[in-house]
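Coordinate analysis (summary)
Okay, here's what each chain looks like letter by letter:
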Amino acid sequence: MTRSYDPHVIEPKWQNAWERDGLYSVAEDPTRPKYYLLEMFPYPSGDIHMGHVRNYTIGDVVARQLTMAGHQVLHPIGWDAFGLPAENAAIKSNTHPAEWTYANIEKQKASFKRMGFSYDWDRTVITCDEGYYRWGQWIFLKFWERGLVERKSSPVNWCPSCKTVLANEQVLGGGECWRCKSIVEKRELEQWYFKITEYADELLDDLTTLTGWPERVKAMQANWIGRSEGAEVDFTLCDAAGEPAESTITVFTTRPDTLFGCTFFLLAPEHPLVRELVEGTEYAAPVMEVVDAAAKETSVERALGEREKRGAFTGRYVINPVNNEKVPVWVADYVLMEYGTGAVMAVPCGDQRDFEFARKYGLPIPPVVLPEDDPALEALREARGRVIDNVTWECAYSGPGIMVQSGAFTGMPTGAGGPGVAAVTRWLEDRGKGRFAINYRLRDWLISRQRYWGNPIPAIHCPSCGLVPVPECELPVRLPRDVDITKGETLADHPTFYETVCPTCGGPARRETDTMDTFTCSSWYYLRYCDARNSEAIWDVDKAAYWMPVDQYIGGIEHAILHLLYSRFFTKVFRDMGLISFAEPFTNLLTQGMVRKDGDVMSKSKGNVVAPEDMIAEFGADALRAYILFMSPPDKDLEWSREGLEGMYRWLSRVWRLVSEISAECAGGPMMAAAEGGAEKALNREMHRVIGKVTEDISRFQLNTSIASMMELTNAAYDYRNKVAAGDRDAALMRTVAENLTLLLAPYVPHMAEELWSEVLGAKSSVHRQPWPTFDAQAAAAEEVEMAVQVNGKVRGRITVVADLDDAAVIDAALKQVAAHLEGKEVLKTVVVAGKLVSVVAR
RNA sequence: GCCCGGGUGGCGGAACAGGCAGACGCGCCGGUCUCAAAAACCGGUUCCUUCACGGGAGUGCGGGUUCGAUCCCCGCCCCGGGCACCA
C-alpha cells in the first residue's frame, strides 16, 4: 500500500534533516569548477511576498542543479538592513529600528527555510551588523584617500517627507522620491559625494563587455550616464557699453558646426552671472521676473516640454567667436543650470526650443544647415555672408545637410557627428576659442543622509583642521542604540555621539552626524559573502579571487540603474585598490519579471496580494516553487493563477504515485535498463531526450519548458504502463525512469524528490548529493523519423524513414507519397532537411 | 522626441540557429468508475468548411527575400518600460 503525497509531513522533515547534516555549507575547492550564484538580497520589510518566492526559487533551482552537476556552488543570502522603512515602522510601532529589523530578518529567514532554499547560512551578511558596517566605513576612508570623496555645496534633491537628501538616481521620472513618491524639492546644501563621474567613461564603455546582461538594462545605464560629445566654445562678454571685455563665458554644444546660426545667447535663471549683468539697469526688472518665476516652479513643472518658454533680454552682448558678431544675451527658463555650463548658444534654425523662443521674441532665424534637396540650397551655395536672415520654416531642422552662410565652411556636408562638427572644432582649437569636449548627464553620487538608521560617516569636523577622517584604528564609528526614534531624533540630537576631539590637533571637534545612503551597503555585499566572518580584513584577497566574479546574478529590474550602477562603480575602485583583479562584478544578469494578479502588480494598496505562507499551507513549498517556475519564463511577468497552482499539485501527485507504484512493482530489480521491445525503446529514448532537454533548459534559464518536458516524461511513463500489461513490463527500465525523473526533479521540488529518493526508492544518501543524470545522445536518437513532405510550401504528406537514410532514397519515398499532388507537374527542385522535411518544388 | 522590450488559440505560454505553428499546463467538452458527486483515469479541444475523407485560412498590419518566414529585411499600428526643454 503506497502513501499519498503529503508535502506537509515531508517538507519540514527534510528541512530539519538537511540543516542537521549541513548540506549547504560550502568552502573553496580548487579541484572543482566554482560557480557563484547570487540573488539580490532582500530588505527585511516584513513577510516575504511572491516576488521573493520567484526570485529565490529561480536561483535555488540553478544552484542545486549545478551542485549535482559537479560545481562548487556559492549560494549565499543576507539582508540589506539599514534604511528608512525601519525608522518609519519604529515611529509607528514605538519600537527601536534595530528590534524591528532583526525581528523581520528572523521571520524572513524562517520563510526562506520553509521554502527549502539551499543557502549557506554560515555566510549570512546583515548590513546593520557592526561587523559589516565597519567595513563600509573603511571603504569610505579608502575612497577618501583616493580622492573619490568630496564634500561640497550644491543644489540637491530634498524629500520633505523622508526629511533627507536623495541621490539623483533616487529621484524618479516625475521628480518623485523613489521610496515615498513625494515630490522632491531643490535645496542648496553642503553634502558628501562619491565621485562616480570619474568612472563615467569606463562605466559606459565596459557595458559592451557585459554580453550576459539584458539589452534593456545596458540601454538604461547608457542612457543614465548620458555621454555626449561636442565642443566647448568661449564667447567674449561685452561690457555695459557694448565693448568686448576680458571675461569669457563658455558653453557646451554638440553642434559647433551650427555656430554661424547663433543669433542669441542664453543663461539659466539660476546662473550666478544673471544678477551681476542686470543689476542697476533698466533690464533688471523684466529679467528678475523670469528668474523669480522659475524659482517658484518645481522641477516637474519646469520640465514640461510643451509649456511656453519665457525669457528676457539682459541688455548685454557676447561675441560669437566664428564671425565676431555681437549676440544679445537673454535669460531663458528652459536653460538648465545643472547641465553643461548653465549657458547655451542659441541656434534657432537648428534647435526646436531655440526656434520657438526666437519666434516668440522676434529674434532672427538665419539658416546654416540645409538638407541636400532643399531648393534654397543653390542660391546659398556660394554665399559667404548672410543673405537670408529669417527662414520661413514651421520648425527647426536638425538633420544632416550642407553648411550655408557659414563663412569658409560654406558648402561642407555636416550633421550630428559629421565632418562639419570636427572642422569647426579644429578651427576653434587652433585659435584658442574652443575645444573638443564630452559632457555627461551622470552626476556625482550624493551619499549623505540626514537619518539615524544608517552607517555613520566616519568624518570629523574640526574648527581648526577642517574635515578630518576618523583614523582607521578607531573604526567602527558605532551607531548608538539609545536614540529615541519615535521623537524623530537623529545623530545630530546626540551630543554624546557627536562631541569628540580632533584626531589631528586634539582640540574639541564635532563628529559628522549624517549616515550613508543604504546603497553604499549593497554595493559590495557580494564580495563580503566570499569571506563573511573575516574581522581582520574586508575580505581575503585569495577567497575573493576564487569565488568572484558573480557568475549569475538574479534580481528585479528596478535596480537597473541604482544598485547595479553603484556596484559596478565600487568594483572598479576595488580593482584600482588592488583588492580584486576584474572590472565587472556580475558576469550574467537575469532580471526576473514581476508577479501580477488581475493585471496589476501585487501590492497591499491594491489589495491583491497572495501570501506565500497561505499557499505553502495549502499546497506545500514544492508545488509553489514548481508552479512559479512553470507559469512563465523567468524574465517575463507572471500572472497569478490559483488553478495553475492546483494543476501543479496534481502533477506532483501524479509523479508521486508513478514513482511509488514503480518502486513497489520493481523492488530490487536490476538498475540497468534492458529496453528491448519497441515500447521500451521509445520510453528509454524519451527519458534520455528529457534528460538532455532539462539540462540544456536550466543552463539557459528556460525553467518553464524544463518542467514541461518532465511532464512529458511523466505522461510517457504512464502511457507505457497503460499500454503494456503488468507481466510484460520492463521492470528495470521503469525503475530507471523513476530514478532519473526523481533526480531531474530534485532541484525543483527538493523535498518531494528527497522523500521519493531516500524513502520510496530506498537510496542510502541524499538525492541532493547524487550526480546529475548524464545525457546519452545515442539513446536519445530515434531509429526512425517521421518527415513532412511539402509541395510548393504546403505539407501534403508524411513519410517514416530510418534515421540515417540517404537523401536520394528519402526524396524517392517522398515523391511517391505525394504523387497525387504532382500529377501533370514537373519537379523542379527538391530540398531535404535531415530528419525533418522534404520540400518539393513543382510546376 | 530618443532608446530598449513585446504583440502567437478562450487563458498562461512553446517552437535549438529560416524547416511540420500551437509542446506543456489551465479552462472547456465527452467518456470510464460511482446510487450520485468529488477525486482519479482515458479521449478531444486554433478558426472556417465538410456526415466524413478532405479542403481553406492563420503568429498585430502592408510589402520583400527564400523551395520554405512566428523567426531575416523595409514601411506602419498597438502595448509595456526607461530617459527627456540634456543644448
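None of these values were measured; they are calculated from a predicted model. (Residues numbered from 1 in each chain as written. Chains lettered and ligands numbered in written order. Predicted model: local features only at pLDDT ≥ 70, side-chain atom pairs only at ≥ 80, totals over all residues. Heavy atoms only, no water.)

Some remarks on the packing of helix α21 (residues 642-665) against helix α23 (residues 703-723)
Cut-off, in case you're wondering: Every axis corresponds to a line fitted to the C-alpha atoms, with the helix fit spanning only the stretch in contact, and the corresponding angles, defined between N-to-C directions, vary from 0 to 180 degrees. Helix numbering and strand numbering both begin at the N terminus, where a helix is a DSSP run of H or I of at least 4 residues and a strand a DSSP run of E of at least 2. Here the word oblique covers every angle except those under 35 degrees (roughly parallel), over 145 (roughly antiparallel) and from 65 to 115 (roughly perpendicular). It is the rotation of the near helix from the far one that decides the hand of a crossing: anticlockwise by less than a right angle makes it left-handed, clockwise makes it right-handed. In what follows, residue pairs with any heavy atoms lying within 4.5 Å of each other are defined as contacts. Polar here means any residue other than Ala, Val, Leu, Ile, Met, Phe, Trp, Tyr, Cys and Pro, which are nonpolar, and Asp, Glu, Lys and Arg, which are charged; Gly is therefore polar.
Two elements in contact, α21 and α23, have axes whose closest approach is 11 Å; the angle formed by their N-to-C orientations is 45°. Taken together, the axes of α21 and α23 are oblique relative to one another. Judged by the sense of rotation from one axis to the other, the crossing of α21 with α23 is left-handed. Seen from α21, the contacting residues are M648, W651, R654, V655, R657, L658, E661, I662 and E665; seen from α23, they are I707, M710, M711, T714, N715, A717, Y718 and R721. Here the residues of the contact of α21 with α23 sort into 10 nonpolar, 2 polar and 5 charged.

Here's the deal with the side chain of Q552
Cut-off, in case you're wondering: Only protein chains enter the calculation, and the probe is 1.4 Å; a residue is then buried if its accessible area is under 20% of its type maximum, exposed if over 50%, and partly exposed in between.
Summarising the element assignment, Q552 is placed in strand β26 (residues 550-556). Judged by relative accessible area, which is 6%, Q552 ranks as buried. Setting aside anything within four residues of it in sequence, one finds Q552 in contact with Y35, Y36, L37, L38, N588, L589, L590 and F701.

What to know about empty space enclosed by the protein
Threshold: Of the two site types, the cavity is a set of points on a 1 Å grid over the protein atoms alone where a 1.4 Å probe fits but cannot get out, and the pocket is an open set with protein on both sides within 12 Å along at least five of seven lines, each lined by residues with an atom within 4 Å of a point. Grid points are joined across faces, edges and corners, and a volume is the space filled by probe spheres set on the points.
In the structure shown here, the tally under the stated rule is 2 cavities of 30 Å³ or more. Its boundaries defined by the atoms lining it, the largest cavity holds a volume of some 180 Å³. G83, L84, T164, R179 and R449 are the residues nearest the centre of the largest cavity, which is lined by 18 residues in total. Those elements giving two or more residues to the lining of the largest cavity turn out to be α3 (84-93), β6 (164-166) and β25 (515-516). The residue inventory of the lining of the largest cavity, partitioned by class, reads 7 nonpolar, 6 polar and 5 charged. Considered as a void within the structure, the second largest cavity measures approximately 40 Å³ in volume. Together, G136, I139, F194, N455, M516, T520, C521, W524 and F570 line the second largest cavity. Among the secondary structure elements, those contributing two or more residues to the lining of the second largest cavity are α5 (130-145) and α15 (518-521). Its residues placed into classes, the lining of the second largest cavity shows 6 nonpolar, 3 polar and no charged.

Observations concerning the protein's contact with RNA strand B
What counts, and what does not: Proximity criterion: a residue is near a molecule or strand once any of its heavy atoms comes within 4 Å of it. Polar contact is the term for a pair of N or O atoms within 3.5 Å; when the atoms are in protein, one must be able to donate a hydrogen and the other to accept it, and sequence-neighboring residues count only if both atoms are side-chain atoms.
Taken together, 53 residues sit near RNA strand B, with Y339, R441, M711, R798 and K836 positioned nearest. Within 4 Å of the protein, the contacting atoms of RNA strand B are drawn from sugar and phosphate to the extent of 62%. Within the contact set of RNA strand B, a sugar or linking oxygen lies 2.8 Å away from a side-chain nitrogen or oxygen of R353. Elements that contribute at least two residues to the surface near RNA strand B include exactly α7 (215-225), β9 (244-253), α21, α23, β31 (784-791), β32 (794-802), β33 (827-833) and β34 (837-842). For the surface near RNA strand B, the element with the highest residue contribution is α23, accounting for 7 residues. A class-by-class count of the residues in the surface near RNA strand B yields 19 nonpolar, 14 polar and 20 charged.

Focus: unusual backbone geometry
Across the chain, the bulk of peptide bonds are trans and the bulk of non-glycine residues have phi less than zero. At the junction of L475 and P476, the peptide bond is cis and its omega measures out at 0° in the coordinates. Inspection of the secondary structure assignment puts P476 in the loop between β22 (466-469) and α14 (495-498). Cis rather than trans, the peptide bond between M548 and P549 has omega equal to -5°. Within the element layout of this structure, P549 appears in the loop between α17 (541-547) and β26. At N94, a residue that is not glycine, the phi angle is positive and equals roughly 60°. Within the secondary structure, N94 sits in the loop between α3 and α4 (97-114). Positive phi is not limited to glycine here, since K163 has a value of about 55°. Inspection of the secondary structure puts K163 in the loop between β5 (149-159) and β6.

A closer look at the layout of surface pockets
By volume, the second largest pocket is sized at about 2000 Å³. Lining of the second largest pocket is provided by 46 residues; of these, Y43, S45, H49, H52 and E558 occupy positions nearest its centre. Element by element, the count of residues in the lining of the second largest pocket is highest for helix α2 (residues 50-68), at 6 residues. For the lining of the second largest pocket, a count of residues per class yields 23 nonpolar, 15 polar and 8 charged.

A look at the sheet that holds strand β15 (residues 401-403)
Going by this rule: Any two strands with at least two DSSP bridges between them are considered paired.
The 3 strands lie next to each other as β14-β15-β16, forming an open sheet whose pairing is antiparallel. Either end of the sheet is taken by a strand with one partner, and the two such strands are β14 (369-370) and β16 (413-414). One ladder, built from 2 bridges, connects β14 with β15; its direction is antiparallel. Across the sheet, residue L370 finds its bridge partner in β15, namely I402.

A few points about the pattern of salt bridges
Worth spelling out the cut-off: The salt bridge criterion pairs a side-chain nitrogen of Lys or Arg with a carboxyl oxygen of Asp or Glu, the two atoms within 4 Å.
All told, the structure shown has 57 salt bridges when counted by the stated rule. Connected through salt bridges with shared partners, the residues E202, D206, R568, K572, R575, D576 and E584 form a single ionic network.

What to know about the sheet that holds strand β30 (residues 638-639)
Strand order in the open sheet made by the 3 strands is β29-β28-β30, with mixed pairing throughout. Edge positions in the sheet fall to β29 (600-601) and β30, since each has one partner strand and no second. Relative to β29, strand β28 (residues 595-597) runs antiparallel, the two being bridged by 2 bridges. Counted as the bridge partner of R596 is V601 from β29.

Section: the pairing of strand β11 (residues 311-319)
For β11, the buried fraction is high: 8 of the 9 residues fall into the buried class. In terms of strand pairing, strand β8 (residues 228-238) meets β11 through 2 bridges, oriented antiparallel. Across the sheet, the residue bridging to T236 is I319, located in β11.

Overview of the packing of helix α19 (residues 612-619) against α21
Between α19 and α21, the shortest axis-to-axis distance is 11 Å and the interhelical angle comes to 35°. For the crossing formed where α19 meets α21, the hand is right-handed. Between α19 and α21, the residues in contact are M615, E618 and F619 and R642, L645, E646 and Y649, respectively. Of the residues in the contact of α19 with α21, the class split is 4 nonpolar, no polar and 3 charged.

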